[in-house]
Amino acid sequence: MHPKRNGGPSVQTPEIFWGVILWMTVWGVLGSVLLRRRYFSRDLDTSNVNFAGAMAGAALGPIGVAVLWARTPKLSGRITTFLGLTAVVLIAAAFSFADPENNCVANGAFRASQFTNGLIIGIIYGFMALGLTLIFSILGVVSFAHGEFYMIGGMLVYYITVVWFPGVNPLLGVMGACCLAFCIGALFERAMLTPMYTGKIDRPVEYGILATFGLAFTLQYFVQALHGASPVKVQRYIDFPRWEFPAGAESPLIETRRGNLTLFDTVSISNPRFIAAVTCILVLLALLYLLHRTWTGKALRAVSQDREAAAIAGIDPNRMNMLAFALGGMIAALAGALLVQAFSWLPQVGAIPAMRSFVIVVLGGLGSLPGAFIGGILVGLVEAAGTGCIPDAQKAASYIPAYGMIVLTLTLLLRPTGLFGRRFASGAHGQGG
Amino acid sequence: MKTSTLRRHLMLSAAAFALGAGAANAQDCPIKIGGLAPLSAPGTVVGGEAMRDAMMIAEADINAAGGVLGCDIEVVIADTEGLPERAIAVMERLITQDGVVAVGGGYHSSVGVASKDVADARGIPVVFAETWNDTITGDKQKHIFRIAPLSSWTSNVNWQFALTLPGIEKVVILTENTDYGIPASQETAKGLESGGVASTIFSVDIGTQDYAGIVERIKAEDPDMIITLVTGEAAFNFTQQAADAGIGPMDLPFQTGQDALESGTYWTNVPDGQYAFVQRIGVPESQFTEKGRAFAAVYKEKTGKSDVESYAMEAYDSIAVLAQAINEAGTTDGSSIVTALENISHEGTLGRIYFDYGLKRDPSEDGKGDEWWHQWPDPAITIIQFQEEGQASSEAAIVYPEAYKTAEPIWVNQ
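Residues numbered from 1 in each chain as written. Chains lettered and ligands numbered in written order. Predicted model: local features only at pLDDT ≥ 70, side-chain atom pairs only at ≥ 80, totals over all residues.

Peer 1: What's the story with the overall build of chain A in this structure? I'm lost.
Peer 2: What chain A contains, in helices and strands, is 16 helices and four strands. The C-alpha atoms of chain A give 24 Å as radius of gyration, which agrees with the globular expectation for 433 residues (22 Å, within 12%). Reported as C-alpha extents along the three principal axes, the dimensions of chain A are approximately 65 × 60 × 40 Å. Considering only contacts within chain A whose residues lie at least 6 apart along the sequence, 75% involve residues at least 24 apart. (Helix = DSSP H or I, 4+ residues; strand = E, 2+ residues; numbered from the N terminus. Rg over C-alpha atoms; globule rule 2.2 N^0.38 Å. Contact = placed C-beta atoms within 7 Å.)

Peer 1: Would you mind showing me how to read the overall build of chain B here?
Peer 2: Each helix and strand in chain B was counted, giving 13 helices and 14 strands. Against the 2.2 N^0.38 benchmark of 22 Å for 414 residues, chain B shows a C-alpha radius of gyration of 23 Å, consistent with a compact globule. Reported as C-alpha extents along the three principal axes, the dimensions of chain B are approximately 95 × 40 × 40 Å. A total of 414 residues make up chain B; the buried ones form 59% of that total. (Buried ≥ 20, exposed ≤ 12 C-beta atoms within 10 Å, placed from the backbone.)

Peer 1: Help me understand the nonpolar core, please; the structure alone is not making it clear to me.
Peer 2: Side chains of a nonpolar character, in soluble globular proteins, are inclined to be buried together. Ile124 and Ala333 of chain A together with Ala54 and Tyr316 of chain B are the most contacted members of the largest nonpolar core, which has 238 residues in total. The contacts of Ile124 of chain A, once residues within four sequence positions are left out, are Ala276, Ala277, Cys280, Ala335 and Leu339 of chain A. Formed by 18 residues, the second largest nonpolar core is a distinct cluster that contains Ala56, Ala58, Leu68 and Ala87 of chain A. (Core = buried A, V, L, I, M, F, W, Y, C linked by C-beta atoms within 7 Å.)

Peer 1: Whenever I open this one, the domain arrangement of chain B confuses me. Can you help?
Peer 2: Accessible area lost upon the coming together of the parts is a frequently used measure of interface size. Residue and element names in this part refer to chain B. Parsing chain B into structural domains produces domain 1 (26-150 + 290-372) and domain 2 (152-280 + 382-404). Domain 1 and domain 2 are separated by 28 Å when their C-alpha centres are compared. Sorting the residues of the side of domain 1 that touches domain 2 by element identifies helix H2 (45-64) and helix H4 (109-121) as the ones contributing at least two each. When grouped by side-chain class, the residues that make up the side of domain 1 that touches domain 2 number eight nonpolar, nine polar and four charged. (Domains from an automatic or database assignment. Nonpolar A, V, L, I, M, F, W, Y, C, P; charged D, E, K, R; others polar.)

Peer 1: Would you mind showing me how to read the domain arrangement of chain A here?
Peer 2: Domain assignment breaks chain A into domain 1 (14-100) and domain 2 (108-239 + 265-414). Centre-to-centre separation of domain 1 of chain A and domain 2 of chain A, based on C-alpha positions: 33 Å.

So this is what it looks like as structure tokens:
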């Protein structure tokens, strides 16, 4: 399982890889332009044709474009997903031929580890972005304080479990952090965002953005003034028991040690990441239950779809605004509360995750909860692939933030509403009711 | 005609006097000295706060000792955020709005590289405290001095120490992609190569939090040693995540970032950081000068820390050496301060500070490179090792070089 080539600076035969990329790009552009014209001339739905045409051209070249041109099928999610995945496979195959000794090609354990890392961090990214998209879908405001909620989540766990009540169960610390973040979100929404709903503000969206910017700076510098800039961390919440499955096997399928989980004797996942990812999934399920099975959740969804109709049905949209902002902040705080056992924490820690959340929300589609989660996983996987596969070690890790931006740019070019976005997601900006 | 000419002369003289008086007033008490420190992200805030505290102690000590030219001094702290563009702006502000007569401090090399041109163009002397990039003094600018070591010197110590590792064949260097990290990593790699040791450099953005993918790549490299040239909490994150993945300081020889010198914070953030090596500028606390010991006592009391970091001592000295230079110059004029600095002999917390080369003598006269210009030649560079869990950096073993060695290094995984 040792790599065949270590840290080499470039692809072995770049002409193969870049040749395929050029071919895919040319046919992708042609497919997008030609099929849009074709669907438009036949008065068919063109909302998805740019993306489907580009993927058909990129994945199958002239054949794909010709088939869609001739048959002009309804461009369902299944077709576009198939074409998109085929394009990804083609890129991977070209890379394998061009650089056969790259770790991503030659080293199966490495590949599995990078995939798992990408998936785990992607779940956490997606979870954090979920809060941002929830706020947007109800209030129509992009909260620029999202990173600071993430930061105070971690800081509160540290203070609760280490400073204020040393030795207290970490679960109480996490719950306490969530409750406090929820309260801060609710109070802020009531105190600062209500003028948006009353019509007193000419530009409610801009007002909301500036108000959340203000909250972000206030929280960050308030914490820095109180705490200082020394990074902190909490001990991992749970130690795994020493366990193997099957027991006594030379290469167990699952093996746990205090700080690690090893799968198939190859993929190692650190305890804090695993706990964070599993908790995110459980809370996501709880959130879905709340949104789809309870009156409150249905009311939230109703407000996100049509505020006036929801108000007529007896739902108080303003109360839903408060609930959405508080819930969104609490979700970010929970992500922070789970990761403070994995990363060093300081008042500025929220900046990069917040930026990444904005990327994910736009990528997944503004206001779309599944879009945010899947967008997060996608960004996590793309980052892991970029970090692991780019041959030049000096560049592979330097460009981590850029990988998500590349995906975002392509998505915006080909599908401006994002992967799961609604065309008019929350245009009401919290008004009404 | 004569009367009007005389009147004109009188008026001109009065105007000239008024201008002179105005200038004198601008230099009136308190005399302002700028202090650069990163106090916001993405800069290394923990380092910036240490430097700020040290510079404030310097201000208090100097004023308690009678001040400068009969005036108190005021250290005007400026937050560089570790960003070059911000550094240019704050240097401009310090000079044009705050009216500083000299500037000390400075943590990030990129800040030094960007801001030195502004200060030099405006004739304001700067003594950089902790900016290592060789070009800062290598550009041979009249007003720029440095008491931090050169990047090439610290890199030399890194690779020379690595070559003492028995059976070493491959080193992974993790660096931040800054004016400090990039040249330091390249010089370290070059030095290792001269000793027949292969190396791979991974560079990351300053402030990187998640190293999972990078750690996997480093594992795939199967290195015999890891050298970390990353500042701030990013180094803590990397070291602990490497430890979680089985390639940390307890698994293979591992040199972590310099911020581990604040050992309380280090152990909080890197609980599995035992046996890590750390580069330290300056002699161990047991060999501190009298001034160094006095400063350490005040600093620990003020900050509640268990150790005094080398960059805090450098920050203190940068202000103190400027204060002495202003006193010796007898004026706040930039050129006069430069002359005084070139001839100074200052007993600082780090030792005796002086500058061999500059306008009075070019480094080339002694066959030295340009980087020796206005460069303090004597900063001690040591490698320490946390040989016990929870150990304070001031009590950690000095394992390199021989001149300062207090214990043999513990090589793990041998």
